[in-house]
Each structure stands twice: as C-alpha cells, then as structure tokens.
Amino acid sequence: HEQGSSTIYSASHNMGNSVIGKIIKDNDRQRFDEKLQFTIQVERLDSILNSDDVDVKLMKLDAQGFECNILEGMGKDVANAIGVIKFE
C-alpha cells in the first residue's frame with residue numbers, strides 16, 4: 001500500500017480549488033499563494049478501510065480530472081463496496 005507526503009495547493013480567494021501534487025488553474029488570472037500550501041500525508045483508502053466496513057450508498061467525486069486516480073487509490077474491494085459513484 002502506497003503512502004507518503006505531498007503538497008496541497010489552494011487558490012487565493014477560492015479555497016474550493018485545492019489540488020494535491022500540482023497547481024491546476026481554473027483561469028489565467030487565478031493565483032496560488034505560498035501561505036496556502038501545506039504538506040499533507042497521503043494514503044491509499046484501502047490501507048485504512050476494509051471493504052467489509054464500507055457501507056456507502058453514493059459517492060460524488062469532483063477531482064479536477066483526477067477521479068481515476070482516486071478510484072485506483074481506493075483499491076478494487078473498497079470501490080466495489082460503494083453502491084454508486086457519481087462523477088462531476
């Protein structure tokens with residue numbers, strides 16, 4: 001199971017645009033402030049959850065095009081234990 005650390009980047013005046021690993025801008029004018037960068041621990045979901053413990057009917061993912069990375073990090077057993085996964 002993979003784990004490690006990464007940087008989370010948050011856009012100035014738009015904390016809803018936070019991305020792990022690299023800066024992804026919504027537009028050319030968007031700025032990212034160093035004060036809003038933090039080092040975080042990253043773990044695969046299946047390293048902390050057992051599929052027997054998962055009772056999720058619906059999961060919504062909005063991950064700026066990284067939805068497949070999230071599914072991969074869940075592991076097959078956890079992903080299969082979720083009823084419906086909706087992508088935005």
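For the structure itself, consult the block above.
Note that this is a predicted model, so its numbers are computed, not measured.

**Focus on helix α1 (residues 67-74)**
At step 1: All buried positions along α1 are accounted for by E67, G73 and M74. Considered in projection along α1, the buried side chains sweep an arc of 125 degrees and stay on one side of the axis. Relative to its buried face, α1 has exposed residues pointing more than 90 degrees away, namely C68 and E72.
At step 2: Residues of α1 that are buried in the fold lie against β4 (56-61), α2 (76-80) and β5 (82-87).

**Looking at the side chain of R44**
At step 1: Here R44 is to be found in the loop between β3 (38-43) and β4.
At step 2: Of the residues examined, R44 reaches a relative accessible area of 18% and is grouped as buried.
At step 3: Among the polar contacts made by the side chain of R44, one reaches the side chain of D46 at a distance of 3.0 Å.
At step 4: Engagement of the side chain of R44 in a polar contact is seen with the backbone oxygen of E72, the distance being 3.3 Å.

**Quick look at the side chain of Q30**
At step 1: Among the secondary structure elements, Q30 is positioned in the loop between β2 (14-20) and β3.
At step 2: A polar side-chain atom of Q30 sits 2.6 Å from the main-chain amide nitrogen of D26.

**Comments concerning the nonpolar core**
At step 1: V54, M59, L61, M74, V78, A79 and I82 form the largest nonpolar core, which has seven residues in total.
At step 2: Only β4 and α2 provide two or more residues apiece to this core.

**Quick notes on the pairing of β2**
At step 1: With four bridges connecting them, strand β1 (residues 3-11) and β2 associate as antiparallel partners. When the bridges of β2 are listed, A11 appears paired with N14.
At step 2: The hairpin formed by β1 and β2 contains two residues between the paired strands, and H13 there has a positive phi angle of roughly 65 degrees.

**Overview of the environment of S5**
At step 1: Tracing the backbone through its elements, the reader meets S5 in strand β1.
At step 2: A sequence separation of 82 residues divides S5 from F87, and the C-alpha atoms of the two residues are 26 Å apart.
At step 3: The contacts of S5, once residues within four sequence positions are left out, are T39, I40, Q41 and V42.

**What to know about the pattern of salt bridges**
Working definition: two side chains of opposite charge can pair if their charged atoms are close together.
At step 1: Throughout the structure, instances matching the rule amount to four salt bridges.
At step 2: D55 is the partner of K57 in a salt bridge, and the nearest nitrogen-oxygen pair spans 2.8 Å.
At step 3: Residue classification places K57 among the exposed positions, given a relative accessible area of 60%.

What counts, and at which threshold
Residues numbered from 1 in each chain as written. Predicted model: local features only at pLDDT ≥ 70, side-chain atom pairs only at ≥ 80, totals over all residues. Heavy atoms only, no water. Buried < 20%, exposed > 50% of the residue type's maximum accessible area, 1.4 Å probe, protein only. Helix = DSSP H or I, 4+ residues; strand = E, 2+ residues; numbered from the N terminus. Arc of directions from axis to C-beta. Contact = heavy atoms within 4.5 Å. Polar contact = N/O pair within 3.5 Å; in protein donor to acceptor, adjacent residues only side chain to side chain. Core = buried A, V, L, I, M, F, W, Y, C linked by side-chain atoms within 4.5 Å. Pairing = 2+ DSSP bridges. Salt bridge = Lys/Arg side-chain N within 4 Å of Asp/Glu carboxyl O.

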